[in-house]
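# Residue-level structure breakdown
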Amino acid sequence: MWPNGSSLGPCLRPTNITLEERRLIASPWFAASFCLVGLASNLLALSVLVSARQGSSRARSSFLTFLCGLVITDFMGLLVTGTIVVSQHAALLDWQSVDPGCNLCHFMGVIMVFFGLCPLLLGAAMASERYLGITRPFSRPAAASQRRAWTTVGLVWATALALGLLPLLGVGRYTVQYPGSWCFLTLGAEPGDVAFGLLFTLLGSLSVGLSFLLNTISVATLCHVYHGQEAAQQRPRDCEVEMMAQLTGIMVVASICWMPLLVFIAQTVLRSPPAMSPTGQLSRATEQQLLIYLRVATWNQILDPWVYILFRRAVIRRLHPRLSTGSRSLSLQPQLTRRSTMQ
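Residues numbered from 1 in each chain as written. Predicted model: local features only at pLDDT ≥ 70, side-chain atom pairs only at ≥ 80, totals over all residues. Heavy atoms only, no water.

### A word on the state of the cysteines
As used in these notes, a disulfide is a covalent bond between sulfur atoms, one from each of two cysteines. Within the structure shown, the criterion is met by two disulfides. Disulfide pairing places Cys11 opposite Cys102 at an S-S distance of 2.1 Å. Across the S-S bond of Cys11 and Cys102 the torsion is about -80°, and the bridge reads as left-handed. A residue pair is termed long-range when its members are at least 10 positions apart, and Cys11 in the segment before helix H1 (19–25) and Cys102 in the loop between helix H4 (95–98) and helix H5 (103–135) qualify at 91 residues. This pair shows no difference in class: Cys11 is buried, exactly as Cys102 is. Each disulfide pairs two cysteine sulfurs, and for Cys105 the partner residue is Cys183, the sulfurs being separated by 2.1 Å. Every disulfide takes its handedness from the sign of the S-S torsion; for Cys105 and Cys183 that torsion is -120°, giving left-handed. (Disulfide = S-S within 2.5 Å. Helix = DSSP H or I, 4+ residues; strand = E, 2+ residues; numbered from the N terminus. Buried < 20%, exposed > 50% of the residue type's maximum accessible area, 1.4 Å probe, protein only.)

Below, the structure written as structure tokens:
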């Protein structure tokens, strides 16, 4: 409960928006169109993934399992959060009348954190899988790769959900954010708000950093094999190039979409003097910045499926016809094995 007024619920705080402004921006059509584009993109990617899984190798099947988990996560994130946002726009952004007990706000806060962290954590898991598959090709049992991939996806979901539930246990708070159509973590100066904001930022940033590190090593290994002394006999397979192209694209999209929001959250909760007043109010500029960064982050769920759709072998071959030559059908694994044996 905010100290300035008992009429506000635990998730409701003063926002810099008038009733007239609410009426001007309350049209649900933009939010609905944005959501429909994302849902259609993920459905298209999911149909392509289902076709690609048939007859794929074990290593590629494991990678496709991670991609399926990512696409399903993005689809459900857009569906659930989009439904709430559109309904709030239809209600003229009057959250207090729709959800006076803040149950819907708490639910949305949990799923915003869950669906926000999942793509970043899955990107790090995919980077780890490809790193091991390229640099340690025989370190894991191939027969269990797909089962292990689904287990990893489940662990990622569980980790993100556990973090999202922390404010319901007293660490941090979920509050309605400007213009009144969504709920997210509170950028306040309370110890719980600061701790939760930094934990969210740290976990997301570490996921992006780990993805960058492992993908860089994997790409460097592929380039070494490609241009090595035995390159004429042992070139990377098309599927290995394809998977790294898709994974690099996913990493770049996630970094561009999410890092501005993560940096902004960390800067705001650590700001001195605090960005949020004791009454729970942020400046108009801070609220608008948060909304812009959140919208940029949401594009991650729309662009992820297009990375997979556009970075398939068929497209890569058109851009680089030499990849379809017969010498590329051999795997880089024998060369890596011989190199490790010589050492």
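### Some details on the layout of surface pockets
When its volume is computed, the largest pocket comes out at roughly 670 Å³. Contributing to the lining of the largest pocket are 30 residues, with Phe34, Val85, Leu294, Arg295 and Thr298 lying nearest its centre. The set of elements that each furnish at least two residues to the lining of the largest pocket consists of helix H2 (29–53), helix H3 (58–90), H5, strand S2 (182–185) and helix H9 (284–310). The element that contributes the greatest number of residues to the lining of the largest pocket is H9, accounting for seven residues. Classifying every residue of the lining of the largest pocket gives 20 nonpolar, nine polar and one charged. (1 Å grid on protein atoms, 1.4 Å probe; cavity = no way out; pocket = protein on both sides within 12 Å on 5 of 7 lines; lining within 4 Å. Points joined across faces, edges and corners; volume = space filled by probe spheres on them. Nonpolar A, V, L, I, M, F, W, Y, C, P; charged D, E, K, R; others polar.)

### Let's talk about the confidence of the model for the protein chain
In the predicted model, the protein chain carries a mean pLDDT of 83, and 80% of its residues have values of at least 70. Per-element confidence in the protein chain ranges from a low mean pLDDT of 47 for helix H11 (residues 333–342) to a high of 95 for S2. In this model residues 325–343 is a low-confidence stretch, pLDDT under 50, and it forms 43 contacts with partners more than four residues away in sequence or in other chains. (pLDDT = per-residue confidence, 0-100. Contact = heavy atoms within 4.5 Å.)

### Digging into empty space enclosed by the protein
If you walk through the whole model with that rule in mind, you get two cavities of 30 Å³ or more. Estimates place the volume of the largest cavity at around 80 Å³. Lining of the largest cavity is provided by Pro119, Leu120, Gly123, Ser207, Val208, Ser211, Asn215, Leu247, Ile250, Met251, Ala254 and Ser255. By residue number, the principal contributor to the lining of the largest cavity is helix H8 (residues 238–269), which donates five residues. Its residues assigned to classes, the lining of the largest cavity shows seven nonpolar, five polar and no charged.

### Some points on the pairing of strand S1 (residues 174–177)
As paired strands, S1 and S2 are joined by four bridges and run antiparallel to one another. Each residue of the ladder has a partner; that of Gln177, found in S2, is Trp182. (Pairing = 2+ DSSP bridges.)

### Side note on the side chain of Glu287
Mapped onto the elements, Glu287 comes out in helix H9. Classification of Glu287 as buried rests on a relative accessible area of 2%. When residues no more than four places from it in sequence are discounted, the contact partners of Glu287 are Arg13, Pro14, Thr15, Asn16, Tyr178 and Leu282.

### Some points on the environment of Thr268
Considering the arrangement of structural elements, one finds Thr268 in helix H8. For Thr268, a relative accessible area of 2% puts it in the buried group. With 18 residues separating them in the primary sequence, Thr268 and Thr286 have C-alpha atoms 8.5 Å apart. When near neighbours in sequence (up to four residues on either side) are disregarded, Thr268 contacts Leu187, Ala275 and Thr286. Only 2.7 Å separates the side chain of Thr268 from the backbone oxygen of Phe264, close enough to count as a polar contact. (Polar contact = N/O pair within 3.5 Å; in protein donor to acceptor, adjacent residues only side chain to side chain.)

### Observations regarding the packing of aromatic side chains
All told, the structure shown has eight aromatic pairs when counted by the stated rule. Ring centres of Phe114 and Phe115 lie 4.9 Å apart, and the angle between their planes is 80°; on these two criteria the pair is classed as edge-to-face. On the basis of relative accessible area, Phe114 is assigned to the buried category, the value being 14%. Seen in terms of ring centroids, Phe264 and Tyr293 are 5.2 Å apart; in terms of plane orientation they differ by 55°. Their pairing is tilted. With Phe264 in helix H8 and Tyr293 in helix H9, this residue pair connects regions lying 29 residues apart in the sequence. Residue classification places Phe264 among the buried residues on the basis of a relative accessible area of 4%. (Phe/Tyr/Trp six-rings, centres within 6.5 Å; stacked < 30°, edge-to-face > 60°.)

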